[in-house]
Every structure is written in C-alpha cells, then in structure tokens.
Amino acid sequence: MDDHETHLLDAVRTALREAGFDPGSEGGEGVHLVRHARGVMVGWMPEEIDELHARTSGTNTPDQSRTELAGLHHATGLALAAALHTAGFTTETQNDHILVLPPPPA
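Residues numbered from 1 in each chain as written. Predicted model: local features only at pLDDT ≥ 70, side-chain atom pairs only at ≥ 80, totals over all residues. Heavy atoms only, no water.

A.B. asks: So what's going on with the sheet that holds strand β2 (residues 39-45)? Residues and values would help.
C.D. replies: As summarised here, the arrangement of the four strands in space is β1-β2-β4-β3, forming an open sheet in which the pairing is antiparallel. One side of each edge strand has no neighbouring strand; the edge strands of this open sheet are β1 (30-36) and β3 (90-94). Put simply, the sheet's adjacent strands are angled 25 degrees from each other on average, direction ignored. As paired strands, β3 and strand β4 (residues 97-101) are joined by five bridges and run antiparallel to one another. Looking at β4, one finds that Gln94 is bridged to His97. (Pairing = 2+ DSSP bridges. Helix = DSSP H or I, 4+ residues; strand = E, 2+ residues; numbered from the N terminus. Axes fitted to C-alpha atoms, helices over the stretch in contact; angles between N-to-C directions.)

Encoded structure:
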C-alpha cells in the first residue's frame, strides 16, 4: 500500500470515528474498512445477528427478522454515507458497501 492509500484509509477511519462510528479493518463485525483498488470499501455487519434480533425484535417470524435486519443495514448504510459526505468524501454505493474514492489529483 502506498502513502496515498494509507492516507485515504486513515482519513476515512478518522472521519467515521468523529461521526461516532468505531471502524475496524478487513471485514468482521461492526463497521469495517477494506482496501480496494479504487479507494476504501466501508461496510457494516451486526455484531451478533441472533443477539441483535433478540434485543430489537421480540418474537417475530424469521421473515420479519430478515426484513428488520435489511432495514437496519440500510439505515446504517445511509448514516455511514452521510458521515462520509459530511467529511467531504466522494462515494459510490456498491451492493451493501460504500466505496470511498480518493480526491481527484490537484
């Protein structure tokens, strides 16, 4: 990884921390950052899906659980994107991840 990639990864991590997120790295649970050929990929995975469901859903059917998790995932993605845009980053949504692009050359 060169200095520009390291700088972008650090800048994204800092922006997310300042917005109240706790980004880890290389996948896993919670907010995670992964290097990408075009920038930095930001994603989110709940810490314990079953535990999260039990705390937030009560006694729902499995279909309701998937719908609620999809809604939570969407809302978290919107919050992550808003935090990144507020920090001045350009992003692209790719499936369930957000690709943070490096700034254009000066």
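Now that the structure is up, let's keep going.
A.B. asks: Describe the nonpolar core, and please don't skip the residues or the numbers.
C.D. replies: Counting 18 residues, the largest nonpolar core has Val12, Leu16, Val40, Val42, Leu80, Leu84 and Val100 as its most contacted members. Of all elements in the fold, only α1 (3-18), β1, β2, α3 (62-86) and β4 reach the threshold of two or more residues within this core. Ranked by the residues each element gives to this core, the list is headed by α1, at five residues. With near-sequence residues (within four places) excluded, Val12 lies in contact with Leu33, Val40, Val42, Leu84, Phe89 and Val100. (Core = buried A, V, L, I, M, F, W, Y, C linked by side-chain atoms within 4.5 Å. Buried < 20%, exposed > 50% of the residue type's maximum accessible area, 1.4 Å probe, protein only. Contact = heavy atoms within 4.5 Å.)

A.B. asks: An account of the environment of Thr90 is requested, with residue identities and associated values reported.
C.D. replies: Secondary-structure assignment places Thr90 in strand β3. Other than its neighbours up to four places away in sequence, Thr90 contacts Leu99, Val100 and Leu101.

A.B. asks: Lay out the pairing of β1 with the relevant residues and their values.
C.D. replies: Pairing analysis gives seven bridges linking β1 to β2, with the strands arranged antiparallel. Following the sheet pairing, Arg35 is matched in β2 by Val40. Where β1 folds back on β2, the antiparallel hairpin that results is connected by two residues.

A.B. asks: Describe in detail the pattern of salt bridges, supporting the description with residues and values.
C.D. replies: Under the defined criterion, the tally for this structure stands at two salt bridges. Here Asp10 and Arg13 are joined by a salt bridge, their closest N and O atoms 3.6 Å apart. Placement of the pair is Asp10 and Arg13 together in helix α1, with a separation of three residues, close to one helical turn. With a relative accessible area of 38%, Asp10 lands in the partly exposed category. Note on Arg13: relative accessible area 16%, which makes it buried. Residue Glu92 pairs with Arg38 through a salt bridge whose shortest N-O separation is 2.8 Å. With Glu92 in strand β3 and Arg38 in the loop between β1 and β2, this residue pair connects regions lying 54 residues apart in the sequence. Using a relative accessible area of 29% as the deciding quantity, one classes Glu92 as partly exposed. Residue Arg38 is classed as partly exposed on the basis of its relative accessible area, which comes to 41%. (Salt bridge = Lys/Arg side-chain N within 4 Å of Asp/Glu carboxyl O.)

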